[in-house]
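What follows is the residue order along each chain.
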Amino acid sequence: MVYKKITLVAIMLAIIAAVVSSFTFGATDTLTNDKIIDSTLQILILLQKYSWPIITFVFIYALYQYYVAGSEVIEQKILGQRLIVGIAIFMVILQCMPLVYAFLIVN
């Protein structure tokens, strides 16, 4: 795999961001007195938590495309590789969104 280092770093960053976010936002329910800011943050946290099962199935499909279907057809291997790298980068973005949003709303 050509982008193995990028994929591994992205997956590790996603896991670290999920752990840090769970420690950061696990203590309190509300951060401010503004309902819009709190509800937006809660939505981002829900997206962060419940994206793991869905992305796991999509990641398994991408691995199937790369290893199984890609062993016979080169286009499937390229598609699987693109899916794997794209999923890893998407997970980093999705896992870091609540932390970035919290840093932006802090005065």
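For the structure, see preceding data.
Residues numbered from 1 in each chain as written. Predicted model: local features only at pLDDT ≥ 70, side-chain atom pairs only at ≥ 80, totals over all residues. Heavy atoms only, no water.

Turning to the overall build of the chain, a few remarks are in order. Counting its secondary structure elements, the chain contains three helices and zero strands. Mapped in sequence order, the helices and strands of the chain form the string α-α-α. The principal-axis extent of the C-alpha atoms belonging to the chain is close to 60 × 20 × 20 Å. Burial analysis of the chain (107 residues in total) assigns 30% to the buried set. Contacts in the chain between residues far apart in sequence, at least 24 positions, make up 70% of those at least 6 positions apart. When the accessible surface of the chain is split by element, carbon and sulfur atoms take 72% of a total near 7,500 Å². Treating the 6 positive side-chain charges of the chain as one cloud and the 5 negative ones as another, the clouds have centres 11 Å apart. (Helix = DSSP H or I, 4+ residues; strand = E, 2+ residues; numbered from the N terminus. Buried < 20%, exposed > 50% of the residue type's maximum accessible area, 1.4 Å probe, protein only. Contact = heavy atoms within 4.5 Å. Areas by Shrake-Rupley, 256 points an atom, 1.4 Å probe, with all protein chains shown as cover. Lys, Arg positive; Asp, Glu negative; His and termini not counted. Charge placed at Lys NZ, Arg CZ, Asp CG, Glu CD.)

Moving on to the packing of aromatic side chains. Under the counting rule described, the total for this entry stands at one aromatic pair. With a centroid separation of 4.8 Å and 85° between ring planes, the pair formed by Y66 and Y67 is classed as edge-to-face. The exposure class assigned to Y67 is exposed, which follows from its relative accessible area of 55%. Stacked on the ring of Y66, the Lys or Arg K77 has its end atom at 5.1 Å from the ring centre. (Phe/Tyr/Trp six-rings, centres within 6.5 Å; stacked < 30°, edge-to-face > 60°. Lys NZ or Arg CZ within 6 Å of the ring centre and 35° of its normal.)

It is worth spelling out the side chain of S51 at this point. Turning to its location among the elements, S51 is positioned in helix α2 (residues 35-67). You can call S51 buried: its relative accessible area is 7%. Look past the residues within four positions of S51 in its chain and what remains in contact with it is M91, L94 and Q95.

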